[in-house]
Amino acid sequence: MDLFVATRNAHKTAEFAQILGPEFVVRDLRTIPEAVPVEETGSTFEENAILKALAAAAIVPGVVVADDSGLEVDALNGAPGVYSARYAGSGAPDVENVNKLLRDLAVVERTKPERMARFCCALAVARGGEVLASFTATSEGHISHAPAGVSGFGYDPVFVPQGYTRTFAELGPDVKNCLSHRAKAIAQLREYLRELAEPL
Ligand code: ITT
């Protein structure tokens with residue numbers, strides 16, 4: 001089955017491909033350079049996923065899926081949230097976003113020492129001008145005091161999933177892609193795509 005994922009983030013695409021397995025051929029927006037980036041103006045991950053899915057579905061035939069995701073940190077009142085990709089400024093590299101997160105947690109540490117956090121993933125499915133479905137999932141954990149590990153992307157070097165003592169970046173893709181927010185949302189997506197493909 002072909003699946004078009006409306007993302008320019010190669011790490012997300014690689015995770016989709018690994019999670020979905022060889023049954024799926026995954027393509028993304030990097031194959032359509034003329035596609036205009038979408039302004040992510042939504043206040044929730046789901047709203048932004050829908051914006052991205054509809055924009056891509058307007059130029060790509062068939063079913064498209066968009067992923068909007070990010071990190072919510074309790075001691076920072078849910079930040080960086082929908083601003084996860086641009087926490088240290090528009091276009092900031094992952095390392096700067098991670099460093100800002102650690103600095104901001106250090107500032108509130110005396111009054112808010114707990115470091116609980118969760119990754120959130122919203123997926124939206126669209127075709128033509130229509131939103132067909134959306135799914136959300138989270139992965140609970142905490143933020144480490146220093147980055148560790150080289151695998152993955154974004155905040156993976158500082159996110160320790162519940163039940164583990166090492167970060168997603170140390171645990172590697174085989175562990176992350178079994179228990180992540182994205183893996184849980186894609187499990188719902190896979191079920192939905194199976195039903196969509198079934199003849200009535
Ligand atoms: P697209 O909009 O093109 O899909 P993006 O990277 O800008 O790519 P988002 O707007 O959804 O995507 O922002 C997601 C950010 O949240 C991402 O850049 C990371 O900083 C963080 N993030 C999301 N999922 C993550 C994961 O599995 N591991 C680490 N960080 C993650």
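Scroll up to find the structure.
Residues numbered from 1 in each chain as written. Predicted model: local features only at pLDDT ≥ 70, side-chain atom pairs only at ≥ 80, totals over all residues. Heavy atoms only, no water.

Caption draft 1: Structural context of helix H6 (residues 181-197). Compared with an ideal rise of 1.5 Å per residue, which puts 17 residues at 24 Å, H6 spans 24 Å between its outermost C-alpha atoms and is within 8% of the ideal. By the burial criterion, the buried members of H6 are His-181, Arg-182, Ala-183, Ala-185, Ile-186, Leu-189, Tyr-192 and Leu-193. Where H6 is buried, its residues touch strand S1 (2-5), helix H1 (10-20), strand S3 (63-73), strand S4 (116-127), strand S5 (130-143) and helix H5 (173-179). The opening residue of H6, the one whose side-chain oxygen lies 3.2 Å from the backbone nitrogen of Arg-182, is Ser-180. (Helix = DSSP H or I, 4+ residues; strand = E, 2+ residues; numbered from the N terminus. Expected span 1.5 Å × (residues − 1). Buried < 20%, exposed > 50% of the residue type's maximum accessible area, 1.4 Å probe, protein only. Contact = heavy atoms within 4.5 Å. Polar contact = N/O pair within 3.5 Å; in protein donor to acceptor, adjacent residues only side chain to side chain.)

Caption draft 2: Structural view of the environment of Asp-104. Tracing the backbone shows Asp-104 in helix H3 (residues 94-108). C-alpha of Asp-104 to C-alpha of Thr-167: the two residues are 63 residues apart in sequence and 19 Å apart in space. When residues no more than four places from it in sequence are discounted, the contact partners of Asp-104 are Leu-76 and Tyr-87.

Caption draft 3: How the structure looks around the nonpolar core. If you look at the biggest cluster of nonpolar residues, it comprises 20 residues, and the most contacted ones within it are Leu-3, Phe-16, Leu-123 and Leu-189. Broken down by secondary-structure element, the contributors of at least two residues to this core are S1, H1, S4, S5 and H6. If one sorts the elements of this core by residue count, H6 sits on top with six residues. Setting aside chain neighbours within four positions, we find Phe-16 in contact with Leu-3, Val-5, Val-26, Val-65, Asp-67, Leu-123, Arg-182, Ile-186 and Leu-189. (Core = buried A, V, L, I, M, F, W, Y, C linked by side-chain atoms within 4.5 Å.)

Caption draft 4: Looking closely at the pattern of salt bridges. Taken as a whole and assessed by the stated rule, the structure comprises 15 salt bridges. Measuring nitrogen to oxygen at the nearest pair gives 3.4 Å for the salt bridge that ties Glu-40 to Lys-52. Pair noted here: Glu-40 is in the loop between strand S2 (25-28) and helix H2 (45-57) and Lys-52 is in helix H2, with a separation of 12 residues, a long-range link. Note that Lys-52 and Asp-68 form a salt bridge whose closest N and O atoms lie 2.8 Å from each other. Of this pair, Lys-52 sits in helix H2 while Asp-68 sits in strand S3; the two residues are 16 residues apart in sequence, bridging distant segments of the chain. Note on Lys-52: relative accessible area 12%, which makes it buried. Taken together, the salt bridges that share partners define one network made up of Lys-12, Glu-15, Asp-67, Asp-156, Lys-176 and Arg-182. (Salt bridge = Lys/Arg side-chain N within 4 Å of Asp/Glu carboxyl O.)

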